Amino acid sequence: MTYTTVDNVAGMFPTFTRNGPKGPSDALVQAFINDVAAEIDAVLQRRFQEAYASQGFAGWLGTLGQDQLSILEKINRYGACAQLADVFDTAGITAAARVAKGFEDKFRDAYNKLNARDADGKPLTQGGDYDYLFDPLAKVE
């Protein structure tokens with residue numbers, strides 16, 4: 001399951017002409033979305049096993065509310081945007097290079113919060129910022 005769309009990712013680059021001669025195809029953007037969604041799913045499966053144990057992972061995903069889905073959409077979108085910006089940078093589109101770092105930083109920050117990691121990737125002993133949002137029985141400070 002992915003949490004964002006090609007439309008949402010492409011919309012972060014206002015001058016991007018989808019499937020144009022200078023831009024990557026929608027299929028490549030979708031591949032970036034799929035890659036990031038797989039990383040998100042790996043974190044969710046590892047961190048919230050107790051929350052989805054009774055209904056399975058796919059069933060649990062189906063019960064997520066708007067707040068949870070909004071967080072996952074944001075992480076998925078910024079991660080895919082960071083990858084897409086790298087493609088633009090490689091193609092010499094300098095405006096994308098300027099925004100790539102911002103997208104990467106926003107992705108990494110939200111991903112670390114979901115994964116209960118600090119900025120250096122080390123585990124946080126008190127858990128992640130989104131623990132209680134995804135598991136109401138999570139132990140939080």
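Everything that follows concerns the structure shown earlier in this document.
Everything quoted here is computed from the prediction, not taken from an experiment.

*Asks:* Even after reading the chapter, I still don't get the nonpolar core, so can you show me in this structure?
*Replies:* Considering soluble globular proteins, one finds that nonpolar side chains tend to be buried as a cluster. The biggest cluster of nonpolar side chains holds 40 residues, and the ones touching the most others in it are Phe 13, Leu 44, Trp 60, Leu 114 and Phe 134. With 10 residues, the top contributor of residues to this core is helix 5 (residues 66-90). Beyond its immediate stretch of four places on either side in the chain, Trp 60 contacts Leu 44, Phe 48, Ala 51, Tyr 52, Gln 55 and Phe 134.

*Asks:* Would you explain the packing of helix 5 against helix 6 (residues 94-115) in this entry?
*Replies:* The geometry of a pair of packed helices is captured by two quantities: the angle between their axes and the separation between those axes. Following both chains from N to C, one finds helix 5 and helix 6 inclined at 150°, their axes separated by 8 Å at the closest point. Classed by the angle they form, the pair helix 5 and helix 6 counts as roughly antiparallel. As helix 5 runs across helix 6, the sense of the crossing is left-handed. The segment helix 5 lies against helix 6, with Leu 72, Lys 74, Ile 75, Tyr 78, Gly 79, Cys 81, Ala 82, Ala 85, Asp 86, Phe 88 and Asp 89 engaging Ala 96, Ala 97, Ala 100, Phe 103, Glu 104, Lys 106, Phe 107, Ala 110, Tyr 111 and Leu 114. Partitioning the contact of helix 5 with helix 6 into residue classes produces 15 nonpolar, one polar and five charged.

Cut-offs used in this document
Residues numbered from 1 in each chain as written. Predicted model: local features only at pLDDT ≥ 70, side-chain atom pairs only at ≥ 80, totals over all residues. Heavy atoms only, no water. Core = buried A, V, L, I, M, F, W, Y, C linked by side-chain atoms within 4.5 Å. Buried < 20%, exposed > 50% of the residue type's maximum accessible area, 1.4 Å probe, protein only. Helix = DSSP H or I, 4+ residues; strand = E, 2+ residues; numbered from the N terminus. Contact = heavy atoms within 4.5 Å. Axes fitted to C-alpha atoms, helices over the stretch in contact; angles between N-to-C directions. Parallel < 35°, antiparallel > 145°, perpendicular 65-115°, else oblique. Left-handed = near helix turned anticlockwise from the far one by under 90°. Nonpolar A, V, L, I, M, F, W, Y, C, P; charged D, E, K, R; others polar.

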